[in-house]
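Analysis of the macromolecular model
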Amino acid sequence: MKGVLRDKKAFLAFLLPALLFYAFSVFYPIIESIRLSFVKWGGIGEKQFVGFDNYVKLFQDKIFYTAFLNNLVYLAIVVGMQILIGLLFAVLLTYLTRGATLIKTLYYIPCIITTVAVTQMFRNMYATQPEGIFNQILKAVGLGKFATSWLTNVDTVLAAVSIPEGWRYTGMYMVIFYAALISLDPEICEAAKMDGANGFQLLTRVKLPMIREVLLLTLTMVLTGALRGFDIPYMLTNGGPGNVSELMSTYMYKKAFGSNQYGYGSAIAVFIIVESILVVGVLRWIFNGKEMREERRLRRIRKKTVSERRRGRV
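Residues numbered from 1 in each chain as written. Predicted model: local features only at pLDDT ≥ 70, side-chain atom pairs only at ≥ 80, totals over all residues. Heavy atoms only, no water.

Once that is clear, we can look at a nonpolar patch on the surface. On the surface, a cluster of nonpolar side chains totalling about 810 Å² of accessible area is made up of F11, L12, L15, L16, L19, L20, F24 and Y28. Checked against the element boundaries, L20 lands in helix α2 (residues 8–36). (Patch = residues over 30% accessible without salt bridge, like charges linked within 9 Å, V, L, I, M, F, W, Y side chains within 5 Å. Areas by Shrake-Rupley, 256 points an atom, 1.4 Å probe, with all protein chains shown as cover. Salt bridge = Lys/Arg side-chain N within 4 Å of Asp/Glu carboxyl O. Helix = DSSP H or I, 4+ residues; strand = E, 2+ residues; numbered from the N terminus.)

Here it is in C-alpha cells:
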C-alpha cells in the first residue's frame with residue numbers, strides 16, 4: 001500500500017476521476033456563467049454579445065441593491081445562529097459526562113431532514129390561520145401584542161426566512177466544534193487552571209486559539225453557504241412581499257429562469273461568486289494576520305528571555 005501511495009502515476013490515477021467530476025460539476029458551470037454574463041440571450045436563438053452592459057445594468061438596478069442589503073442581514077442571522085449557538089452548545093456538551101451522544105444526535109437530525117420538510121414545518125409555525133406555535137407562545141406568556149403574520153409583515157419577514165436556515169445547520173457545526181474541543185490536550189487546560197485561569201479565560205485564551213483552524217473552516221463554510229442561500233427563502237416567500245425578503249440568489253433565479261434574461265442572471269451569479277471569494281480572502285487575511293502577530297509577540301518574548309539570561313550570566 002505504501003508503494004502505491006509513493007507512485008505518482010498510481011496516485012494520479014486514483015485522483016483523476018474526482019478531479020474530472022469536480023471540474024465538470026463546479027468549474028465548467030462557473031466558466032459558462034462568466035461567458036453568458038457578457039451576452040444577451042433569452043434561452044432560444046442567437047446570443048448577442050453586449051460586453052459589460054449586464055454589469056452596468058447590475059449596478060444601476062435598485063432591486064439588486066435591495067437584495068444585496070437583505071443578503072447582509074440574512075448573513076448576520078445565519079452566521080450568528082450557526083457559529084455562536086453551535087459553539088455555545090459544543091462547550092456545554094464538553095461538561096456533560098452522560099447523554100452527550102444522544103444530544104448530539106438530536107441536534108444533528110435537522111441537517112438530514114429535506115429542505116421541503118423544514119420549509120413546511122416553519123411555514124406552519126409562522127402561520128396565523130390556523131395559529132402557529134410562535135404566536136401561541138407569545139400569547140401564552142402575555143406578549144400577544146407581538147403576534148403577527150411573520151411571512152407577510154415587512155418588519156419580520158427577512159428574519160423569518162433567515163431563522164430556518166440558521167437553525168437547520170446549527171447541530172452540524174456544534175458537532176464539529178465539539179470534536180475539536182474534546183481533541184485538545186487536557187494537560188494544557190490543566191496547566192492553565194493551575195495558573196489561575198477561570199472557565200471563561202480558559203475558553204477564550206486557551207481553547208479557542210487552539211482550534212483556530214477549525215474556526216476558520218467553519219466560518220468559511222457558513223459565510224459561503226449564507227451568501228448562496230436560496231432554497232428555504234425562495235419556498236417560504238419567493239422574495240416577497242414585494243422585494244422585502246429578496247436575496248441575490250432568488251433574484252438571480254427570477255431573472256435567469258423567470259424572465260429568461262440568462263445574460264443578466266449570469267452576471268448576478270458571477271457577482272455572488274466574486275463576493276464569496278472576497279469574503280473568504282478577507283477572512284483568511286484576518287486569521288493569518290492574528291497568527292502572524294502572535295508569532296511576532298512570542299519571538300519578542302523569546303528574545304527578551306534570552307537577553308535576560310545572558311545578562312544574568314555576565
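This part takes up helix α8 (residues 157–168). Taking 1.5 Å per residue, twelve residues should reach 16 Å; α8 reaches 18 Å between its end C-alpha atoms and fits that length. With respect to burial, α8 is a largely interior element, nine of its twelve residues being buried. All of the buried residues along α8 are V157, L158, A160, V161, S162, P164, E165, G166 and R168. Summarising the contacts, the buried residues of α8 are in contact with α4 (62–94), α5 (100–112), α6 (115–126), α9 (170–182) and α13 (231–236). (Expected span 1.5 Å × (residues − 1). Buried < 20%, exposed > 50% of the residue type's maximum accessible area, 1.4 Å probe, protein only. Contact = heavy atoms within 4.5 Å.)

Here we come to unusual backbone geometry. Residue P130 is bonded to the preceding Q129 through a cis peptide linkage, with omega at -5°. Tracing the backbone shows P130 in the loop between α6 and α7 (133–140). The backbone of N238 sits at a positive phi, close to 55°, despite the residue not being glycine. Tracing the sequence through the fold places N238 in the loop between α13 and α14 (248–258). Of note, the phi angle at N260 is positive, near 55°, even though the residue is not glycine. Along the chain, N260 falls in the loop between α14 and α15 (262–313). What makes N260 partly exposed here is its relative accessible area of 38%.

Closest axis-to-axis distance for the α5/α9 pair is 7 Å, and the angle between their directions is 140°. Taken together, α5 and α9 sit at an angle that is classed as oblique. For the pair α5 and α9, the contacting residues are A100, I103, K104, Y107, Y108 and C111 in the first and G171, M172, M174, V175 and Y178 in the second. (Axes fitted to C-alpha atoms, helices over the stretch in contact; angles between N-to-C directions. Parallel < 35°, antiparallel > 145°, perpendicular 65-115°, else oblique.)

With that settled, the discussion passes to α2. Considering bend angle alone, the principal kink of α2 is centred on L15 and spans about 35°; proline P17 follows within four residues of it. Residues of α2 that are buried include every one of A10, S33 and L36, and no others. (Bend = angle between axes of the 7 residues up to and from the residue.)

Moving on, we come to the pattern of salt bridges. Within this structure, the stated rule accounts for three salt bridges. As a salt-bridge pair, K139 and E131 come within 2.5 Å of each other at their nearest N and O atoms. On the basis of relative accessibility, which here comes to 46%, the residue K139 falls in the partly exposed class. A salt bridge links K254 to E246, with the nearest nitrogen and oxygen atoms 2.8 Å apart.

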